[in-house]
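The residues making up each chain are set out below.
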Amino acid sequence: MITRLDLIVQDLPSLHCYSNDLARRLGTSVRTLQVASRRVNGMSLHAYLRLKRLLAVRDQLSTGLLTVKAAALGNGFWHLGDFSRLYAKTFGEMPSETLARAKRVTQP
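Rules behind the numbers
- Residues numbered from 1 in each chain as written.
- Predicted model: local features only at pLDDT ≥ 70, side-chain atom pairs only at ≥ 80, totals over all residues.
- Heavy atoms only, no water.
- Helix = DSSP H or I, 4+ residues; strand = E, 2+ residues; numbered from the N terminus.
- Contact = heavy atoms within 4.5 Å.
- Salt bridge = Lys/Arg side-chain N within 4 Å of Asp/Glu carboxyl O.
- Buried < 20%, exposed > 50% of the residue type's maximum accessible area, 1.4 Å probe, protein only.
- Expected span 1.5 Å × (residues − 1).
- Core = buried A, V, L, I, M, F, W, Y, C linked by side-chain atoms within 4.5 Å.
- Phe/Tyr/Trp six-rings, centres within 6.5 Å; stacked < 30°, edge-to-face > 60°.
- Lys NZ or Arg CZ within 6 Å of the ring centre and 35° of its normal.

1. So, the environment of Phe91
Thought 1: Following the sequence through the fold, Phe91 ends up in helix H6 (residues 80-91).
Thought 2: Linking Phe91 and Leu55, residues 36 residues apart in sequence, is a C-alpha distance of 9.4 Å.
Thought 3: Apart from residues no more than four positions distant in its own chain, Phe91 is found in contact with Leu54, Leu55 and Arg58.

2. Here's the deal with the pattern of salt bridges
Thought 1: Under the counting rule described, the total for this entry stands at four salt bridges.
Thought 2: Among the ionic pairs, Arg58 bridges to Glu93, the shortest N-O distance being 3.2 Å. Here Arg58, found in helix H4 (residues 45-61), pairs with Glu93, found in the loop between H6 and helix H7 (95-106); they are 35 residues apart in sequence, far enough to count as distant.
Thought 3: Note that Arg101 and Glu93 form a salt bridge whose closest N and O atoms lie 2.8 Å from each other.
Thought 4: A relative accessible area of 33% places Arg101 in the partly exposed class.
Thought 5: Since its relative accessible area comes to 12%, Glu93 is described here as buried.
Thought 6: Salt bridges linked by common partners bring Arg58, Glu93 and Arg101 together as one network.

3. A short note on H4
Thought 1: For H4, which comprises 17 residues, the first-to-last C-alpha distance of 24 Å matches the rise-based estimate of 24 Å (1.5 Å per residue) to within 8%.
Thought 2: Every buried residue of H4 is accounted for by Leu45, Ala47, Tyr48, Leu49, Arg53, Leu54, Val57 and Leu61.

4. Looking at the environment of His79
Thought 1: If you trace the backbone, His79 turns up in the loop between helix H5 (68-74) and H6.
Thought 2: For His79, a relative accessible area of 48% gives the class partly exposed.
Thought 3: Once the C-alpha coordinates of His79 and Gly42 are considered, the two residues, 37 residues apart in sequence, prove to be 26 Å apart.

5. What about the nonpolar core?
Thought 1: Core analysis: the biggest nonpolar cluster contains 12 residues, these being Ile2, Leu5, Ile8, Val9, Leu22, Ala23, Leu26, Leu33, Ala36, Leu45, Tyr48 and Leu49.
Thought 2: Counting residues per element, this core draws most heavily on helix H1 (residues 2-11), at four residues.
Thought 3: With 11 residues, the next largest nonpolar core counts Leu61, Val68, Phe83 and Leu99 among its residues.

6. Quick look at the packing of aromatic side chains
Thought 1: As enumerated under the stated definition, the model contains three aromatic pairs in all.
Thought 2: Taken together, a centroid distance of 5.7 Å and an interplanar angle of 55° make the contact between Phe83 and Tyr87 tilted. Residue Phe83 and its partner Tyr87 are located together in helix H6, separated by four residues, close to a single helical turn. The pair Phe83 / Tyr87 is uniform in exposure class, with both members buried.
Thought 3: Site record: aromatic cluster; members linked through ring pairs are Phe77, Phe83, Tyr87 and Phe91.
Thought 4: Lying over the aromatic face of Phe77, Arg53 brings its terminal NZ or CZ to 4.2 Å of the ring centre.

This is the structure:
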């Protein structure tokens, strides 16, 4: 079930994923999905989905091809200040630092 959840999230990165919608797509109840997430991922469904979107932003910034704003918005983070704080708390650096490092590596 979590593998199928990952595929849905991967295919729809900017989609604001609501538990009801995800459970319906997976043919299960919200409670079953929440329990599965906690059991498999060790975190709530909401925290897991947010982490997946943060990882997608980090991957995109690591290419040096997108701006922080474009990567954040493209993955469903609408409040950029909150996004930056959450990113820094999760990865130990600001998103602009990830982007700057990627650009240094890709420049000749």
